[in-house]
There are 2 protein chains.
Amino acid sequence: MADYYYFFLKNVLVVSLAMNMGLIWKISYEDEETLIPKWGNILHLHGSGLYAQKNNRVQEEEKEAHVSKRTQILATTSSGVATDGLEKVVINLDHGDPTMYEDFWKQKGEETTVVTSSWQHISYFSDVKNVCWFLEPGLVSAITGLHKAVGNAVTEGRHIVVGTGSSQLYQAALYALSPPDGSGPMNVVSAAPFYSSYPLMTDYLKSGLHKWAGDAYEFNKEEPYIELVTSPNNPDGFTRQHVVKGDKGILIHDLAYYWPQYTPILSPADYDIMLFTVSKSTGHAGSRIGWAIVKDREIAKKMTTFIEINTIGVSKESQIRAAKILQAVSKSCNHANQEAQTNFFDYSYKLMAERWKRIREAVNKTMLFSLPSFPLETCSFSGRTFGQLPAFAWLKCEGEVDDCESFLRRHNVLTRGGKHFGASMKYVRASMLSREREFKLFTERLPAIKS
Amino acid sequence: MADYYYFFLKNVLVVSLAMNMGLIWKISYEDEETLIPKWGNILHLHGSGLYAQKNNRVQEEEKEAHVSKRTQILATTSSGVATDGLEKVVINLDHGDPTMYEDFWKQKGEETTVVTSSWQHISYFSDVKNVCWFLEPGLVSAITGLHKAVGNAVTEGRHIVVGTGSSQLYQAALYALSPPDGSGPMNVVSAAPFYSSYPLMTDYLKSGLHKWAGDAYEFNKEEPYIELVTSPNNPDGFTRQHVVKGDKGILIHDLAYYWPQYTPILSPADYDIMLFTVSKSTGHAGSRIGWAIVKDREIAKKMTTFIEINTIGVSKESQIRAAKILQAVSKSCNHANQEAQTNFFDYSYKLMAERWKRIREAVNKTMLFSLPSFPLETCSFSGRTFGQLPAFAWLKCEGEVDDCESFLRRHNVLTRGGKHFGASMKYVRASMLSREREFKLFTERLPAIKS
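Note that the structure is a prediction, hence the values are computed from the model and not measured. (Residues numbered from 1 in each chain as written. Chains lettered and ligands numbered in written order. Predicted model: local features only at pLDDT ≥ 70, side-chain atom pairs only at ≥ 80, totals over all residues. Heavy atoms only, no water.)

Draft legend 1. Local environment of the interface of chain A and chain B. Each partner contributes to the interface: chain A provides 77 residues, whereas chain B provides 76 residues. Both sides together, the interface formed by chain A and chain B hides about 6600 Å², and carbon and sulfur atoms give 56% of it. Our enumeration of links across chain A and chain B arrives at two salt bridges. The salt bridge involving R321(A) is made with E317(B); its shortest N-O contact spans 2.6 Å. There are 56 residue pairs in polar contact (both at pLDDT 80 or more) connecting chain A and chain B. (Contact = heavy atoms within 4.5 Å. Buried area = accessible area lost by both parts, 1.4 Å probe. Salt bridge = Lys/Arg side-chain N within 4 Å of Asp/Glu carboxyl O. Polar contact = N/O pair within 3.5 Å; in protein donor to acceptor, adjacent residues only side chain to side chain.)

This is the structure:
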């Protein structure tokens, strides 16, 4: 990863050298990032000698901090200082951080503002009558109300389990579905390309309960298995069904992206275990709130037990806030004639449609890349007919380029390569949910890239 | 556990039969519990036949809901309906739910009230320059400020990792300290009596990285091990040091109770890995916020990686609120002359001291029970000289009684038996942090119990 940083330093060096010695850069970005100016000045004094000098620090900071470089660099750019050399600005689209939604929520007022006193939410317990005893009753009604308004999932007669994001719920489901006294760990499969975190979340503790068994298309053992069905799929956005033909399978449906801004809603999903999250539905990733809709009471209880052992429940503050936000979204759905600014799914659909139009135009200007095409379908929620508008662009490098991630990295675009998803390295996953300035740079960068 | 329920039903039956047929019970408790009246009426109609009828439901609900019985019964009592038969009221002291602190926080105003708009905390990221990239900067300063004000832990030059409660941090530490390519799972030990959740949190996923190896006093293998040192100890409240003599050990210090309301602060703790939580320091268990103070940067990074895989960070809402509350507590510490109502640790110390006085008086009225004694020491924070005031009473049944948990259960007091802590069944752990009405019933019940 250190070579991303090399380009970054090179860029800062160029910008720095081009500047007046005494100038202090003022950067307006979140909490007033000031790393760039400091490094800029150091570079000015030490020149390229800094690279070797700072390389260790660079490497050790890279893992947790490559987003910070994006922040710093884009901050510089957006501040209007670095007007030239835009092609050297690193654009980080490796994560699916849903900052795209920030502008919508900024125009919301008290309706979605939460006030919490220090005496509230002291207890571990939310509703001791519920299978999921740490689930706030207000969140239950907000979740069921939203699914009813959108028509994307059946909740009647189902059990809801809240999790610290859907990642925890995925692990809770594996725990609940893997027999504790099985002869060996349960096979866990998903059709490639699959979400890059699934293998890691399945195997990071070397569990004796379950093990990652790879691409569901290639699974042919006569053993019990759990098949993870992600629909629409991360990374490629396609609608999915289970693919293993065996009769010993249990299914988990990850429906994080089954919302009207990403895909036409065709009917209320009705599977045994369905996972959702506010991170991708409303964009509140920082809240770490996900929910599972579970048919079987025993499975819901085991999932609850996992979360009880893992984290003794889920943040009450996040649950209360998520409830208020989901309620506001439901309310806005029931006023279809309101202006787009107040209807969340109308706003987010139009934004995604506009971004996909722009990225397809950018890709069509070059022979180097291609994007998937999606069939047109009519959304039962909006009545609109459209193809998928995925949260990620599953970009393919055409022609000679075999490692698309490295190729784009050389042009200062950070994406996640196909191999992480069990797919060809000719593919990369790029986030479509970034802030506008990053997305704009991305769509300007792509057509400008020469092989 | 179903027999707890039998006593509960029996009690409800008595109360119900004693009541006028048409009377509707009005219960004022949190969100207006109404289960009791419903069951009361059912009981009135079906009498004890209900027991068999409802037994399955009882059993399946027991695990997640025995606290609800407490709630319902005490609600009935506190409503003034059941004026007689108090000895039949079930008192649940099995959990350490810190509701005792609620009254203190109720008299706090805006200083500790948090207002959150819907556009805030959307991103996964809090501080990309920090090893723990999802840790809110405001929480870092609140944590370091509080430890400085109290003098119970060294934070200078240390790394702070935030977790979804200290349970997640315990698991993160095991992940960070267990070699991924070890010949076998790492041994994890703690001196008995040890916190009853440690064996479960260590083994619930049948991890190949680590395994519970029991009482540290009995560990004599020539193998690497992790020793968990809980000081003050849960369940018995004693100050602890590590006990294994081996030289292949790594230590984790769980200091959840190293606060001035529970124990005299002797010096700032300065260990490699120290775990704290707001659940027991300020009583905000519902927020699920814990923190680790870690000397080694690589360990802090690995712990951060665990939390990244497990839950992709920690609720921003809870972090922001915890920061505001910890800041207020620090501020109150720096005004020692203020009245107790405004100084959290002064208030909570006096409350714990008063409760321990009352429970010792209760136990001294009978020959059936005994409590541990603690040496007097002077607290560097308050200047007071006192013995430990543990969050749990480690109660021993004297004489003939061999199973103290069952014995107390027969008298409608729910506690956690010694076997769960790797100790004798003559001991039980009873929470000292309940609401006043439960604690009062407990101290009235103990002397009334006849063998």
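Draft legend 2. Here's a closer look at the sheet that holds strand β5 (residues 210-215) of chain B. All names here are of chain B. Ordered in space as β3-β9-β8-β7-β6-β4-β5, the seven strands form an open sheet in which the pairing is mixed. Either end of the sheet is taken by a strand with one partner, and the two such strands are β3 (159-164) and β5. Taken pair by pair, the neighbouring strands of this sheet meet at an average axis angle of 25 degrees, ignoring direction. Where helix α9 (residues 297-311) meets the sheet, it contacts β3, β8 (273-277) and β9 (289-294), and its direction lies at approximately 20 degrees from that of β3. (Pairing = 2+ DSSP bridges. Helix = DSSP H or I, 4+ residues; strand = E, 2+ residues; numbered from the N terminus. Axes fitted to C-alpha atoms, helices over the stretch in contact; angles between N-to-C directions.)

Draft legend 3. Spotlight on the sheet that holds strand β4 (residues 186-190) of chain A. Residue and element names in this part refer to chain A. One open sheet holds the seven strands; their spatial order is β3-β9-β8-β7-β6-β4-β5, and the pairing between them is mixed. Looking at which strands have only one partner, the edges of the open sheet turn out to be β3 (159-164) and β5 (210-215). Looking at each pair of strands side by side, their axes are set apart by 25 degrees on average, direction ignored.

Draft legend 4. Molecular detail of the pattern of salt bridges. Residue and element names in this part refer to chain A. One pass over the structure, following the stated rule, counts 42 salt bridges over all chains. With a shortest N-O distance of 3.9 Å, E111 and K108 are connected by a salt bridge. By sharing partners, the salt bridges in this structure join R158, D270, D272 and K295 into a single network.

Draft legend 5. Spatial organisation of the pairing of strand β13 (residues 392-397) of chain B. Residue and element names in this part refer to chain B. Buried residues dominate β13, accounting for five of its six residues. Sheet topology note: the strand β10 (residues 369-370)/β13 ladder contains two bridges and is antiparallel. Note on β13: the bridge partner recorded for F369 is C397. Relative to strand β16 (residues 427-431), β13 runs antiparallel, the two being bridged by five bridges. What sits directly across from W394, in β16, is R429. (Buried < 20%, exposed > 50% of the residue type's maximum accessible area, 1.4 Å probe, protein only.)

Draft legend 6. Just the state of the cysteines, in detail. Residues and elements named next belong to chain A. Taken as a whole and judged by the stated rule, the model has two disulfides over all chains. Across the disulfide from C397 sits C404; the S-S distance is 2.1 Å. Here the S-S torsion is close to 65 degrees, and the disulfide linking C397 with C404 is therefore right-handed. With respect to burial, C397 and C404 carry one shared label: buried. Between C379, a free cysteine, and C333, which holds the nearest cysteine sulfur, the sulfur-to-sulfur gap is 10 Å. You can call C379 buried: its relative accessible area is 1%. (Disulfide = S-S within 2.5 Å.)

Draft legend 7. Inspection of helix α9 (residues 297-311) of chain A at higher detail. All names here are of chain A. Helix length check: α9, at 15 residues, gives a terminal C-alpha distance of 21 Å against a target of 21 Å (1.5 Å per residue), a fit within 8%. Among the residues making up α9, those that are buried are I299, A300, K301, M303, T304, F306, I307, I309, N310 and T311. The N-capping residue of α9, defined by a side-chain oxygen 2.9 Å from the backbone nitrogen of E298, is D296. (Expected span 1.5 Å × (residues − 1).)

Draft legend 8. Looking closely at the relation of the copies chain A and chain B. Between the two copies, chain A and chain B, the superposition gives an RMSD of 0.0 Å; the rotation angle is 180 degrees and the shift along the axis is 0.0 Å. What the rotation and shift describe, once combined, is the action of a two-fold rotation axis. Both copies share a contact surface, since 99% of the interface residues of chain A are interface residues in chain B too. (Least-squares fit on C-alpha atoms with pLDDT ≥ 70 in both.)

Draft legend 9. Summary view of empty space enclosed by the protein. This model, assessed by the stated rule, comprises 15 cavities of 30 Å³ or more. The computed volume of the largest cavity comes to approximately 80 Å³. As for the largest cavity, its lining consists of 13 residues, and the residues nearest its centre are L205(A), Q171(B), M201(B), Y204(B) and H210(B). Among the secondary structure elements, those contributing two or more residues to the lining of the largest cavity are α6 (165-177), α7 (197-203) and α9 of chain B. Residue classes in the lining of the largest cavity are distributed as seven nonpolar, six polar and no charged. (1 Å grid on protein atoms, 1.4 Å probe; cavity = no way out; pocket = protein on both sides within 12 Å on 5 of 7 lines; lining within 4 Å. Points joined across faces, edges and corners; volume = space filled by probe spheres on them. Nonpolar A, V, L, I, M, F, W, Y, C, P; charged D, E, K, R; others polar.)

Draft legend 10. Summary view of the packing of aromatic side chains. The full count for this structure, using the stated rule, is 56 aromatic pairs over all chains. With 5.5 Å between their ring centres and 85 degrees between their planes, W394(B) and F421(B) make a pair best called edge-to-face. With W394(B) in strand β13 and F421(B) in the loop between β15 (416-417) and β16, this pair connects stretches of sequence that are 27 residues apart. For W394(B), a relative accessible area of 6% gives the class buried. Against the face of W119(A) rests K106(B), its NZ or CZ located 5.2 Å from the ring centre. One residue, R429(B), lies across the ring of F392(B), its end atom 3.7 Å from the ring centre. (Phe/Tyr/Trp six-rings, centres within 6.5 Å; stacked < 30°, edge-to-face > 60°. Lys NZ or Arg CZ within 6 Å of the ring centre and 35° of its normal.)

Draft legend 11. Broad picture of unusual backbone geometry. For the bond running from S231(A) to P232(A), omega is -5 degrees, close enough to zero to count as cis. The topology assignment puts P232(A) in the loop between β6 (225-230) and β7 (249-254). The linkage connecting N234(A) with the following residue, P235(A), adopts the cis geometry, with an omega of 25 degrees. Within the secondary structure, P235(A) is located in the loop between β6 and β7. Of note, the phi angle at I312(B) is positive, near 50 degrees, even though the residue is not glycine. Structurally, I312(B) is set in the loop between α9 and α10 (316-333). By relative accessible area, I312(B) is classed as buried at 17%. Residue N412(B) is not a glycine yet carries a positive backbone phi of 65 degrees. In this fold, N412(B) is placed in the loop between α12 (404-409) and β14 (413-414).

Draft legend 12. Helix α11 (residues 344-364) of chain A, seen in detail. If you check α11(A), its first and last C-alpha atoms are 30 Å apart, about what 21 residues at 1.5 Å a residue would give, namely 30 Å. A distance of 3.2 Å separates the backbone nitrogen of F345(A) from a side-chain oxygen at the start of α11(A), and that oxygen is part of N343(A).

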